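Examining the three-dimensional arrangement
This is what each chain is made of:
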Amino acid sequence: MTQVGEMIRQMYINGKWVEAKSGKTFKVINPATGETVAELPDGGAEDARLAINTAHEAFKSWSRVSPVERSRSLEKAFKLMTERRDELAKLITLENGKPFEEAKKEVAFGAGYFDWFAGEARRVYGDVIPSPAGSRRFWMIRQPVGVVAAITPWNFPATMITRKIAPALAAGCTVVLKPAEQTPLTALAITKILHDVGLPPGVLNVVTTLYPEEIGKEFLRNPLVRKIGFTGSTEVGKLLMRGAADQLKRVSFELGGNAPFIIFEDADFDAAVDGAVGMKYLRVAGQSCICANRIYVQESIAERFTKAYVEKVKGIKVGHGFEPGVVIGPLINKDTLEKVDRLVQDAVKKGAKVATGGGRLKEAAFAKGYFYAPTVLTNVTEEMGVTREEIFGPVAPILTFRTEGEVIERANNTNYGLASYVFTKDLGRVFRITEALEYGLVGVNDAAGYGHETPFGGFKESGLGREGGKQGIEEYTEAKSIVVNLPQ
Ligand code: NAP
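What you see is a predicted model, and the numbers here were worked out from it, not measured in a lab.

With respect to spatial proximity, 29 residues lie near the ligand, and among them Thr152, Glu181, Ser233, Leu255 and Glu390 are the closest. Take Trp154: an N or O atom from its side chain is 3.0 Å from an oxygen atom of the ligand. Between the ligand and Glu181, the relevant distance is 2.4 Å, taken from an oxygen atom to a side-chain nitrogen or oxygen of the residue. Considering the ligand on its own, with 900 Å² of exposed area, one finds that the protein chains cover 88% of that surface. Within the residue set of the shell around the ligand, elements represented by two or more residues are helix H5 (159-171), helix H7 (212-221), strand S10 (225-231) and helix H8 (234-245). Per element, the largest residue contribution to the shell around the ligand is three residues, and it comes from H7. Of the residues in the shell around the ligand, the class split is 15 nonpolar, eight polar and six charged. A domain split of the shell around the ligand shows at least three residues from each of domain 1 (11-255 + 462-481) and domain 2 (259-451).

In structure tokens:
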């Protein structure tokens, strides 16, 4: 099961598989076992420069390829990625740790962005604008921004890439991608798909590295890069935004979150329990930007909810991603494991109670990986770091509330604004609360997240711009107004 047929171990520049100019390499580690999965080129500024120059050259022709032809390339990529689903999912489980079944779902969802933007490539509409003067005509067209530098995280190694490169390529942009150092193999396997469907050389380039700052600096200072598309932490997003200011590069950022999951006493109880389990634990072991970070339960049902919730959480199977029945794998690395534990211990010190879990899993099967027990905390307050910081792990803090007004205020009391969830059957409340929550996504009686068709992105410090939906492709275009004075 863990044998992967074709594993690419080189970067991709100008349609060729290459080593780093320096000849250096770095190791990709399996977080479930600590074993080395592969060694990859450790690219630097020189490699990034070469990739940017190549993308700039390729832009001259790719931006003029007809939208129908660009659409066809993306359709083929969708089909091939769907065919290679299991092969890609194996790579994800190996380098990211998420269970194989979950990885297969991610690949299918990630491929869906090729499908969606294959359609959108043909719908980059402009406007004909009525002019106030009879002798003049106005219209607006959308054109691709140019070379895009894309930087992606490890938690969704396939989707975070396709959600950026599909709209960029559809719009006529060319791309230099820097995937996360933990999950470059999935990125290279997706690149191979685009290579195999005949994407012209230079349209997509990939630079792998252990030192993201160096590549990031080249992206920022190189004037040929017109846009930075970044998914990752708010901290790095801010750093990139400061750097992009010098040349006023276009940016779109998908950053961190602190999602409230609000359950009212009139909710469908079982659906709320299942939703809160799924949105906390069953997405990369809680390492997702839209995972429930604070569970608010109305006081009258809090005891019943906690009992049912803890019962379900105790039944969750943790283990290596290829083991049948496993639904939670390891955390990505030691730093993440230590951060999660620090938040739990801090909460306990401040009065929280551990209802289940509460520490690292140390039994023999888990000893070499970064496994944390699925944890539920009660007696939690907003003074604890566990409710203020993004946990990024399988830890659910339960808080109680009395009124709708109170919970809205508490839910909004954060610098983040990515995802939020509400379980209620009261229709009036659905309207009031969806309008009041300061979040880019509000799930009502739904804990499945977003779709390809919906724009996704954050309020406040959770991001800038939107990915997916019809808005996703606009982020890779400039609007150009054309004014014509007709000869008299
Ligand atoms: P991260 O540390 O910000 O890293 C994200 C990417 O940025 C990686 O490719 C990383 O490279 C690179 N990077 C780090 N420092 C850089 C620098 N100075 N210059 C240029 N690139 C740099 O975030 P992470 O820990 O991997 O991912 C978790 C975070 O991503 C969480 O906050 C999560 O909420 C957020 N996220 C948001 C969304 C969303 O859609 N809003 C989706 C997924 C994740 P290395 O891998 O080499 O460090």
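With that settled, the discussion passes to the domain arrangement of the protein. The domains assigned to the protein are domain 1 (11-255 + 462-481) and domain 2 (259-451). Centre-to-centre separation of domain 1 and domain 2, based on C-alpha positions: 31 Å. Across the boundary between the two partners, domain 1 contributes 26 residues, which contact 28 residues of domain 2. For the pairing of domain 1 and domain 2, the buried interface totals around 2,100 Å² over both sides, and the portion due to carbon and sulfur atoms is 62%. The largest per-residue losses of area from domain 1 upon contact with domain 2 belong to Pro31, Trp154 and Ser462, which jointly make up 24% of the total buried on that side. Taken together, the links from domain 1 to domain 2 amount to zero salt bridges. Applying the counting criterion to the domain 1 and domain 2 interface returns seven residue pairs in polar contact (both at pLDDT 80 or more). Within the residue set of the side of domain 1 that touches domain 2, elements represented by two or more residues are helix H3 (85-96), helix H4 (100-120) and H5.

In sheet architecture, strand pairing relies on hydrogen bonds along the backbone and comes in two forms, parallel and antiparallel. Within the open sheet, the three strands sit side by side as S5-S6-S20. Their pairing is antiparallel. The sheet is open, and its two borders are formed by strand S5 (127-129) and strand S20 (477-485), each paired with just one other strand. Neighbouring strand axes in the sheet, compared pairwise and without regard to direction, differ in orientation by 20° on average. The pairing of S5 with strand S6 (residues 136-144) spans three bridges and is antiparallel.

What follows concerns H5. Between the first and last C-alpha of H5 there are 18 Å, a value that for 13 residues agrees with the 18 Å anticipated at 1.5 Å per step. For H5, a buried count of 13 out of 13 residues is recorded, marking the element as mostly surrounded by other parts of the structure. Phi turns positive, to about 105°, at Gly172, one or two residues after H5.

Attention now moves to the packing of H5 against helix H6 (residues 184-196). For any two helices packed against each other, the geometry comes down to the angle between their axes and how far apart the axes lie. Where H5 contacts H6, the axes come no closer than 11 Å and their chain directions differ by 30°. Looking at the two axes, H5 sits roughly parallel to H6. Classified by chirality, the crossing of H6 by H5 is right-handed. Contacts between H5 and H6 involve Ile161, Thr162, Ile165 and Leu169 from the former and Ala187, Ile190 and Leu194 from the latter.

The rules behind each value
- Residues numbered from 1 in each chain as written.
- Predicted model: local features only at pLDDT ≥ 70, side-chain atom pairs only at ≥ 80, totals over all residues.
- Heavy atoms only, no water.
- Near = heavy atom within 4 Å.
- Polar contact = N/O pair within 3.5 Å; in protein donor to acceptor, adjacent residues only side chain to side chain.
- Areas by Shrake-Rupley, 256 points an atom, 1.4 Å probe, with all protein chains shown as cover.
- Helix = DSSP H or I, 4+ residues; strand = E, 2+ residues; numbered from the N terminus.
- Nonpolar A, V, L, I, M, F, W, Y, C, P; charged D, E, K, R; others polar.
- Domains from an automatic or database assignment.
- Contact = heavy atoms within 4.5 Å.
- Buried area = accessible area lost by both parts, 1.4 Å probe.
- Salt bridge = Lys/Arg side-chain N within 4 Å of Asp/Glu carboxyl O.
- Pairing = 2+ DSSP bridges.
- Axes fitted to C-alpha atoms, helices over the stretch in contact; angles between N-to-C directions.
- Expected span 1.5 Å × (residues − 1).
- Buried < 20%, exposed > 50% of the residue type's maximum accessible area, 1.4 Å probe, protein only.
- Parallel < 35°, antiparallel > 145°, perpendicular 65-115°, else oblique.
- Left-handed = near helix turned anticlockwise from the far one by under 90°.

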